[in-house]
Amino acid sequence: MINAVIADDEVLARHKLRQLLREETEFEIVGESATAAETIDLVRLTKPDLLFLDIRMPGMDGFDIIGALSADPDFVLPRIIFTTAYDRYAIRAFEIHAVDYLLKPFTVERLRSAVERAREQIQASAAAPSSNGAADAQDSPYTKRIVFKSRGRILFLHVSDIRWIGAEENYVRISTESESHLLRETMTRLEEKLDPQMFLRVHRSSIVNLQYVKEVRTEKDGEFAVLLANGQKIAMSRSYRSRIQGWLQR
Amino acid sequence: MHPAIFVGGFVFLGALFGLQNWISEHSWGYKIHLMPLLRAWTVQYFIWGVICWLVWFWLGRSIQKAGLRWILTRIIPLSALVSLGEEMIWALFFPNVPIGRPMSYWHRVLFELDAEIIDNFLIFWLVILLFRGVDYYQRYREKEGAAAQLSVQLAQAQIRALRMQLNPHFLFNTMNSISSMMRIDVPAADLMLEQLSSLLRITLERGEVQLIALSDEMEFMEMYLALQDRRFSGRVRQEIHVDPALHDALVPAMLLQPIVENAYSHGLSRLDRDGRLSVEVGRDRGRLKVIILNSGIGLNPAPRKDAQGTGVGLANVKNRLRLHYGTQQSFSIYEAGANNVQVTITFPLQFSANPTPTLTGYGV
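The rules behind each value
- Residues numbered from 1 in each chain as written.
- Chains lettered and ligands numbered in written order.
- Predicted model: local features only at pLDDT ≥ 70, side-chain atom pairs only at ≥ 80, totals over all residues.
- Helix = DSSP H or I, 4+ residues; strand = E, 2+ residues; numbered from the N terminus.
- Rg over C-alpha atoms; globule rule 2.2 N^0.38 Å.
- Buried ≥ 20, exposed ≤ 12 C-beta atoms within 10 Å, placed from the backbone.
- Contact = placed C-beta atoms within 7 Å.
- Nonpolar A, V, L, I, M, F, W, Y, C, P; charged D, E, K, R; others polar.
- Pairing = 2+ DSSP bridges.
- Axes fitted to C-alpha atoms, helices over the stretch in contact; angles between N-to-C directions.
- Parallel < 35°, antiparallel > 145°, perpendicular 65-115°, else oblique.
- Left-handed = near helix turned anticlockwise from the far one by under 90°.
- Domains from an automatic or database assignment.
- Arc of directions from axis to C-beta.
- Expected span 1.5 Å × (residues − 1).

### As for the overall build of chain B
Looking only at helices and strands, chain B features eight helices and eight strands. What you see for chain B is a C-alpha radius of gyration of 38 Å, clearly larger than the 21 Å of a compact globule of 364 residues, by over 25%. Considered along the principal axes of its C-alpha atoms, chain B spans approximately 120 × 55 × 45 Å. Evaluated residue by residue, chain B yields a buried proportion of 27% over its 364 residues.

Below, the structure written as structure tokens:
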């Protein structure tokens with residue numbers, strides 16, 4: 001069971017969330033608040049697992065609320081999903097390990113995927129109560145999530161959702177299950193950030209997520225290609241072939 | 001004007017006259033040495049150069065602005081004074097001229113003045129004319145610069161107005177679609193509202209910037225296409241291809257959306273199924289080339305009166321292209337095969353000097 005609090009100064013915004021969250025199973029809204037002070041009291045009192053937090057609130061902003069709550073070292077912060085009309089706080093929200101960042105107006109699908117992420121994290125920390133997201137960060141030098149703006153939305157993309165990455169001159173195209181995003185970034189820099197246990201450079205201009213690799217194929221012309229589970233074929237250079245063969249034989 | 005250039009110009013002129021003098025003497029059969037002749041001429045013009053520069057230095061602005069009264073009361077007496085002064089100085093340099101006829105200093109001055117007075121006035125007044133000519137030229141250049149600046153400002157204001165014309169047009173059409181979708185399919189209306197908000201957010205952020213990176217323009221268009229795809233419930237196959245080397249190329253903001261909107265409202269919207277829209281951006285000999293092709297009913301049928309925004313979008317695009325690129329751009333619309341309509345746009349390829357980095361962060 002997940003206990004959640006909704007903090008937003010607009011009654012219709014709270015109403016929308018309550019309405020859409022009604023369909024979630026194993027989910028209960030334990031309180032609503034409209035100001036910063038109310039939110040702090042409510043969260044301290046109810047100790048929810050999840051907090052839906054608007055950034056612009058009367059009194060203080062959403063980040064001040066988090067600051068006030070974390071002033072007490074014994075208090076375990078809830079997971080946070082930001083809901084806001086402004087995209088400019090996205091990086092800050094990302095840095096304090098927020099679960100997601102929903103730009104208003106959002107659809108029910110977008111909300112559902114955010115709640116799903118929160119559920120995973122809450123269950124994971126329930127299974128291993130000693131660790132939390134922030135502490136895990138220090139363990140691995142590799143990126144687990146990437147934040148960026150694409151098509152007017154803020155995405156906190158988990159690298160495990162990336163199928164493959166292709167170079168496009170000064171940009172990279174990150175492909176997920178259903179869409180692709182163009183980012184101004186270099187392959188080398190991105191490769192450094194990604195866990196080599198998970199991602200493999202198979203070509204000067206492509207990196208694949210090994211999780212989605214189905215097979216490595218020899219083409220008629222003697223070239224090699226990586227076949228992804230979804231049927232996508234990605235060209236592979238000879239020089240990279242031994243690396244993936246080694247991985248396949250594990 | 002630098003005095004060295006000014007005086008140097010005079011000396012050069014003097015040397016030319018000296019040479020001409022020597023050549024003409026020769027052609028008449030007189031045997032005369034070049035050097036003394038050259039010396040006499042260049043010294044004369046050197047003196048003129050110095051005097052004129054001093055006149056320019058002290059009186060230049062007044063001469064340029066002088067009215068008739070000032071010319072009559074000041075410049076005419078000055079011309080006489082300068083003519084006399086020049087000969088007085090020259091006579092100091094050449095005590096032996098005229099050769100073979102020893103005379104007192106004042107006699108020599110009068111002798112020279114007698115021979116040169118017309119030339120002197122001519123030189124002086126030509127210089128006065130030159131001063132005034134310089135002033136006219138400068139004022140003309142200033143005026144021309146101001147006119148050019150004005151026309152640039154005008155063009156920018158026009159482009160701004162044209163950009164502003166597009167947003168409401170597009171905004172209200174989409175809101176109308178959402179309003180009708182609300183009654184039929186709530187989740188679809190919800191999604192469209194989210195998509196429209198994203199488009200608006202981008203538009204507001206962009207502000208009045210007129211040239212943007214192609215990648216931004218394509219992102220905007222893809223969002224618009226996603227919205228249209230919802231409206232036409234997948235009846236249209238959308239294909240997009242962009243040369244990766246052109247992601248940072250500069251294009252006028254909101255260039256493609258009106259054309260795509262037009263393709264939908266005049267062609268694709270009249271098909272029940274198997275519609276096709278393709279957008280291709282490539283490079284063509286130093287130019288950027290956009291080809292937008294849609295299936296539909298061709299160009300011939302008279303435009304439907306009720307079609308949304310008939311002609312406004314395309315005219316807007318054409319006008320903005322003309323204002324941005326003058327004659328360096330091209331826009332054409334024609335039928336390409338059975339009932340397909342193709343729009344082709346080309347304009348000079350430019351790249352942004354410092355492309356704005358995208359907001360990106362890495363972490364857990």
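That shown, we press on.
### Some remarks on the interface of chain A and chain B
You'll often see interface size given as the accessible area lost when the parts meet. The interface of chain A with chain B comprises 32 residues on the first partner and 26 residues on the second. Secondary structure elements with two or more residues in the side of chain A that touches chain B: helix 4 (90-95), helix 6 (133-139), strand 6 (145-150) and strand 10 (180-183) of chain A. Among the elements that take part in the side of chain A that touches chain B, strand 6 of chain A stands out by supplying five residues, more than any other. When its residues are assigned to classes, the side of chain A that touches chain B shows 13 nonpolar, six polar and 13 charged. Sheet analysis places strand 6 of chain A next to strand 8 (residues 360-363) of chain B, joined by four bridges and oriented antiparallel. Paired with Ile146 of chain A across the strands is Tyr362 of chain B, a residue of strand 8 of chain B.

### Quick look at the packing of helix 5 (residues 186-206) of chain B against helix 6 (residues 214-231) of chain B
Two quantities define a packed helix pair, namely the angle between the axes and the distance from one axis to the other. Residue and element names in this part refer to chain B. Packing of helix 5 against helix 6 brings their axes to within 10 Å, and their N-to-C directions diverge by 160°. By the criterion of interaxial angle, the relationship of helix 5 to helix 6 is roughly antiparallel. Seen from above, helix 5 lies across helix 6 with left-handed handedness. Along its contact with helix 5, which presents Ala188, Leu191, Met192, Gln195, Leu196, Ser198, Leu199 and Ile202, the element helix 6 presents Phe220, Met223, Tyr224, Ala226, Leu227 and Arg230. The residue makeup of the contact of helix 5 with helix 6, split by class, is 11 nonpolar, two polar and one charged.

### Topic: the sheet that holds strand 8 of chain B
Strand order in the open sheet made by the three strands is 7(A)-6(A)-8(B), with antiparallel pairing throughout. Edge positions in the sheet fall to strand 7 (153-158) of chain A together with strand 8 of chain B, since each has one partner strand and no second. The sheet shows a mean angle of 20° between the axes of neighbouring strands, direction not considered. As paired elements, strand 6 of chain A and strand 7 of chain A share six bridges and run antiparallel to each other.

### Some points on the pairing of strand 15 (residues 233-236) of chain A
In strand 15 of chain A, alternate side chains face the same way, and those of Ile234 and Met236 of chain A are buried while those of Lys233 and Ala235 of chain A on the opposite face are not. Linking two consecutive strands that pair antiparallel, namely strand 14 (residues 224-228) of chain A and strand 15 of chain A, is a turn of four residues; a positive phi of about 95° is found at Gly231 of chain A within it.

### Considerations on the sheet that holds strand 2 (residues 236-242) of chain B
Residue and element names in this part refer to chain B. Sheet architecture is open: five strands sit in the order 2-4-5-7-6, paired in mixed fashion. Two strands lie at the open edges of the sheet, namely strand 2 and strand 6 (330-335), each paired on one side alone. Recorded for the sheet is a direction-independent mean angle of 10° between the axes of neighbouring strands. Across six bridges, strand 6 lies against strand 7 (residues 341-348) in antiparallel orientation. Opposite Tyr334, over in strand 7, you have Gln342 as the bridge partner. Against the sheet, helix 6 touches strand 2 and strand 4 (275-284), its axis set at about 175° to strand 2. Packing of helix 7 (residues 257-266) onto the sheet brings it into contact with strand 4, strand 5 (287-294) and strand 7, and relative to strand 5 it is tilted by some 20°.

### Some words on the domain arrangement of chain B
Here the domain parsing of chain B yields domain 1 (3-146) and domain 2 (209-348). The centre of domain 1 of chain B, based on its C-alpha atoms, is set 69 Å off from the matching centre of domain 2 of chain B.

### Re helix 3 (residues 62-70) of chain A
Residue and element names in this part refer to chain A. Here helix 3 has its buried residues at Gly62, Ile65 and Ile66. Down the axis of helix 3, the buried side of the element spans an arc of 95°, and every buried residue falls inside it. Where helix 3 is buried, its residues touch helix 2 (36-46), strand 3 (50-54) and strand 4 (79-84).

### As for the packing of helix 6 of chain B against helix 7 of chain B
Residues and elements named next belong to chain B. Between helix 6 and helix 7, the shortest axis-to-axis distance is 10 Å and the interhelical angle comes to 20°. Classified by the interaxial angle, the pair formed by helix 6 and helix 7 is roughly parallel. Between helix 6 and helix 7 the crossing geometry is right-handed. For the pair helix 6 and helix 7, contact is made by Phe220, Met221, Tyr224, Leu225 and Gln228 and by Gln257, Val260 and Tyr264, respectively. By residue class, the composition of the contact of helix 6 with helix 7 is six nonpolar, two polar and no charged.

### Points about the domain arrangement of chain A
All names here are of chain A. Splitting chain A by domain gives domain 1 (2-137) and domain 2 (145-248). Taken over C-alpha atoms, the centre of domain 1 sits 32 Å from the centre of domain 2. Within the residue set of the side of domain 1 that touches domain 2, elements represented by two or more residues are helix 4 and strand 5 (100-103). For the side of domain 1 that touches domain 2, the per-class residue count stands at five nonpolar, no polar and two charged.

### A look at helix 5 (residues 108-127) of chain A
Taking 1.5 Å per residue, 20 residues should reach 28 Å; helix 5 of chain A reaches 28 Å between its end C-alpha atoms and fits that length. The secondary structure elements touched by the buried residues of helix 5 of chain A are helix 1 (11-21), strand 3, strand 4 and strand 5 of chain A.

### Some details on the environment of Asp229 of chain B
Residue and element names in this part refer to chain B. Relative to the elements of secondary structure, Asp229 occurs in helix 6. Separated by 91 residues in the primary sequence, Asp229 and Arg320 have C-alpha atoms spaced 27 Å apart. With residues up to four places along the chain from it excluded, the contact list for Asp229 reads Gly234, Val236 and Gln238.

### With respect to the environment of Asp61 of chain A
Residue and element names in this part refer to chain A. Looking at where Asp61 falls in the secondary structure, it is placed in the loop between strand 3 and helix 3. C-beta crowding within 10 Å serves as the criterion here: with 17 such atoms nearby, Asp61 is assigned to the partly exposed category. On a C-alpha basis, the gap between Asp61 and Ala128 in space is 32 Å, while along the polypeptide they are 67 residues apart. Once you skip the residues sitting within four places of it in the chain, Asp61 turns out to touch Ile55 and Arg56.

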